[in-house]
Amino acid sequence: MSATKPDRADAAGADVRAPDAHVVVADVVAADGDQAPQATGGTPAESRHRPGSFGARLHSVVVRIRTLMREVPGHWRRSLQFRTVVATMLLTSVSFVAVGGVLSNQIASALYEERFDQFSAEAGRALTSTKAVFRDSSATDRNTTNRLVLDSVNALVGNETEAPRQAILMSISGGEGLIIPTTVSQKGVTEGMLPDDLQAAVAAGQDIYWAPITIPVTQTGEQDAPGIAFGTQVTLPPERSPYALYVYYDLSSMQSTLDSIHGVLWLVGLVLLLVIGAITWYVTRSVVRPVSYAASVSEKLASGQLQERMEVTGEDEVARLGASFNHMAGSLQDQITQLAQLSQMQQRFVSDVSHELRTPLTTVRMAAEVLHDAREEFNPVNKRSAEILFDQVERFQALLADLLEISRFDAGAAVLEAESVDLVQLVKHAIDGARPLAERLGSDLRVVSGETSCIVDADARRIDRILRNLIVNALEHGEGRPVDIHIACSPEAAAVAVCDQGIGMTPEEASRVFDRFWRADPARARTTGGSGLGLSIATEDARLHGAWLEAWGMPGEGACFRLTLPRHQGADLTSSPLPLPPSSTARTAVRSVQDATTHAWTDTRSTTGTDTRSTTRTDTGADRRGSDATQ
């Protein structure tokens, strides 16, 4: 009979507790030494937990581990040192497992190879000898045969310390004649532990076969112990009925030795892993710590603490990095200080020049007024010159007033004089001031609001200046179309939006709308002779109130400016009661400036849907719009 022989390295695995049944011919004469039993693993001991306080401590440890696991992703993203240490330990662990697996396989092969050859030779001699005893026996009755079987089975028992040997004799299915019951040399062992493949091979052939097995119970009381069984077919007198005779070896002591070796390997690997992790942590800390310190110093520099510097020790690469960083910080501090001094000089120059120009400008204005009042007595050329002189002096005076106001903002000398004011009344006052310009341009000023009163804590003069700038700006760019002024209040905030239907703004223009002296179209003639600082001053006024001043525009469809004020001084804004641009889906009150003399409010219902156009929205933090109004 031919049979497949397993590779020795596969059979001599690191664990032999749960083998697959491999049936292999064992050539007793040749003592084939290339065979080895397959290793299988044992059942781990059950965990035992102490009651009482131990359970509470265990629960606390589990909670801490879960907390750490939730924090791992954050540490992985933020800490280079953590990533380096974890990656090193993971790669080292993989290397240890790979090397440990190879070593374990080699140790198991070396451990079982020699013993398997010994077991195979011993089992072959014992089975052959017992087979000859049965063949030469002259027993003629059942009792004699039973005594012969019992003596032969007991004679096969070996008490070697490392691998005790036991024997089993059992009937082969289909045998005829005298029936001998299954005889075993060890209590608790049955033929069920023998693999079916091994039993089938013994029943079908006359050779000696082997296979790894799992012994239910050993002499020492160990359960499910690994073992190896050898079997052959014998005939019992007097009818020469076929029976199967097996001897098996208990390999539990060898498995214990292998488990001890595995334990040592795991312990050494764990210690090496911890040592490598500690070394990696120390090395990366020496590199990452200066980088982290440099990041901390750079954040302080960015916050304005220009005197901060890194501590430099040694002469290595990190020390050179710190020296270079300190040199860069010193250069930046010098340049920032120089720029700050230049800015202060510029602000002081503007302030000084503006104050110095007030006296001569007052004299020139008085002379221009005299000439303007007497212009009717001049010839047409001189009359026109007097009018131009008067207009330009007025414009010069407005520009000077704006420069003085800007210089006060730059110097931080602007003071907010807040009091309870009615925002609706301030809007009416600003409209009254802009009425002459609206009539001259042919634009209709309309108030769109359901509010009759809205009390806020604000500086009336500055809010009036903001509203006048927004309204005049809308009239200048409204192309003679109506200008809507929306008012809305909420418990936390109040808002005013001024919307025109004129030339509108592009995103690029909206991004610069509040820049000083910037104009959307430099070639476009001013109708009011403004200074170019109106919206910039409005921005500073809004900032003093803790308010929002925002702009929206769409080329060819108009522009809208929204002022959002906190109703109580010192409160923080979180939202505005008006969208930008305001929608007209709700019932609104529209008041025409043309009917302002009657002070009549007319309720109308708008049929316009919500505006879904693509918009560009900017706020005072980064975006500005050109043009302004007179002060």
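The preceding data block contains the structure.
*Asks:* Talk me through the overall build of the chain; I want residue IDs and the actual numbers.
*Replies:* Of regular secondary structure, the chain possesses 12 helices and 16 strands. Considering the chain as a whole, with its 631 residues, one finds that 40% of them fall into the buried category. Counting contacts in the chain only where the partners sit at least 6 residues apart, residues at least 24 apart contribute 72% of the total.

*Asks:* For a nonpolar patch on the surface, give the residues involved together with the corresponding values.
*Replies:* Taken together, the side chains of Leu-267, Val-271, Val-275, Ile-279, Trp-281, Tyr-282 and Val-283 make up a nonpolar region of the molecular surface, amounting to roughly 700 Å² of accessible area. Here Trp-281 is to be found in helix H6 (residues 252-302). Under the relative-accessibility criterion, Trp-281 is labelled partly exposed at 43%.

*Asks:* Kindly report on the side chain of Asp-464, identifying the contributing residues and their values.
*Replies:* Inspection of the secondary structure puts Asp-464 in helix H10 (residues 460-477). Every residue in contact with Asp-464, bar those within four places of it in the chain, is listed here: Leu-426, His-429 and Ala-430.

*Asks:* Can you lay out unusual backbone geometry for me, pointing to particular residues and giving the numbers?
*Replies:* Looking along the chain, the bond that leaves Leu-580 and enters Pro-581 is cis, with omega of -5°. The phi torsion at Asp-224 lies on the positive side, around 50°, for a residue other than glycine. Checked against the element boundaries, Asp-224 lands in strand E5 (residues 223-236). The exposure class of Asp-224 is partly exposed, given its relative accessible area of 41%.

*Asks:* Residue-level account of the pattern of salt bridges, with values.
*Replies:* What the rule picks out here adds up to 13 salt bridges. Residue Arg-543 is joined to Glu-540 by a salt bridge in which the shortest nitrogen-to-oxygen separation is 3.0 Å. Remark: Glu-540 and Arg-543 occur in helix H12 (residues 534-544); sequence separation between them is 3 residues, near one turn of the helix. Connected through shared salt-bridge partners, Asp-459, Arg-462, Arg-465 and Asp-541 make up one network.

*Asks:* With reference to specific residues and values, describe the environment of Glu-191.
*Replies:* Examined against the element boundaries, Glu-191 turns out to sit in the loop between strand E3 (183-184) and helix H5 (196-204). Residue contacts for Glu-191: discarding those within four places in its chain leaves Met-170, Thr-182 and Gln-199.

*Asks:* Now, about the packing of aromatic side chains: what can you tell me, with residues and values included?
*Replies:* Throughout the structure, instances matching the rule amount to 4 aromatic pairs. Clustering of aromatic rings is evident, with ring pairs tying together Phe-116, Phe-119, Trp-210, Phe-230 and Tyr-249.

*Asks:* Summarise the pairing of strand E6 (residues 241-250); cite the residues concerned and give the values.
*Replies:* Within E6, 9 of the 10 residues are buried, leaving the element largely enclosed by the surrounding structure. With 10 bridges joining them, E5 and E6 adopt antiparallel strand pairing. Following the sheet pairing, Thr-232 is matched in E6 by Leu-245. Between E5 and E6, which follow one another and run antiparallel, lie 4 residues, and Arg-240 among them has a positive phi close to 60°.

*Asks:* Let's hear about H10: which residues, and what values?
*Replies:* Since the α-helix turns once every 3.6 residues, residues separated by three or four places project in the same direction. The end-to-end C-alpha distance of H10, which contains 18 residues, comes to 26 Å, matching closely the 26 Å that a straight helix rising 1.5 Å per residue would cover. Of all the 18 residues making up H10, 15 are buried; the element is thus mostly covered by neighbouring parts of the structure. Where H10 begins, the side chain of Asp-459 points an oxygen toward the backbone nitrogen of Arg-461, at a separation of 3.2 Å. Glu-479 sits one or two residues past H10 and shows a positive phi near 55°.

*Asks:* Now, about the state of the cysteines: what can you tell me, with residues and values included?
*Replies:* Enumeration according to the criterion identifies 2 disulfides in this entry. Disulfide pairing places Cys-454 opposite Cys-489 at an S-S distance of 1.7 Å. Its S-S torsion of approximately -125° makes the covalent link between Cys-454 and Cys-489 left-handed. Within this pair, whereas Cys-454 is found in the loop between strand E8 (445-449) and strand E9 (455-458), its partner Cys-489 is found in strand E10 (residues 483-489), the two being separated by 35 residues in sequence. Each member of the pair, Cys-454 together with Cys-489, is buried. In this model Cys-499 forms its disulfide with Cys-560; the gap between the sulfur atoms is 2.4 Å. Taken as a pair, Cys-499 in strand E11 (residues 493-499) and Cys-560 in strand E13 (residues 558-566) lie far apart in primary sequence, 61 residues in all. Here Cys-499 falls in the buried class, since its relative accessible area comes to 12%. A relative accessible area of 0% places Cys-560 in the buried class. What connects to what in the chain, once the bonded cysteines are numbered by sequence position, is 1-2, 3-4.

*Asks:* Give me the lowdown on the nonpolar core, citing residues and values where you can.
*Replies:* Counting 44 residues, the largest nonpolar core has Leu-423, Leu-445, Ile-463, Ile-471, Leu-475 and Leu-563 as its most contacted members. Considering every element that reaches this core, the biggest residue donor is helix H9 (residues 423-441), with 9 residues. Residue contacts for Ile-471: discarding those within four places in its chain leaves Ala-430, Ile-431, Ala-434, Leu-445, Ile-485 and Val-498.

Cut-offs applied
- Residues numbered from 1 in each chain as written.
- Predicted model: local features only at pLDDT ≥ 70, side-chain atom pairs only at ≥ 80, totals over all residues.
- Heavy atoms only, no water.
- Helix = DSSP H or I, 4+ residues; strand = E, 2+ residues; numbered from the N terminus.
- Buried < 20%, exposed > 50% of the residue type's maximum accessible area, 1.4 Å probe, protein only.
- Contact = heavy atoms within 4.5 Å.
- Patch = residues over 30% accessible without salt bridge, like charges linked within 9 Å, V, L, I, M, F, W, Y side chains within 5 Å.
- Areas by Shrake-Rupley, 256 points an atom, 1.4 Å probe, with all protein chains shown as cover.
- Salt bridge = Lys/Arg side-chain N within 4 Å of Asp/Glu carboxyl O.
- Phe/Tyr/Trp six-rings, centres within 6.5 Å; stacked < 30°, edge-to-face > 60°.
- Pairing = 2+ DSSP bridges.
- Expected span 1.5 Å × (residues − 1).
- Polar contact = N/O pair within 3.5 Å; in protein donor to acceptor, adjacent residues only side chain to side chain.
- Disulfide = S-S within 2.5 Å.
- Core = buried A, V, L, I, M, F, W, Y, C linked by side-chain atoms within 4.5 Å.

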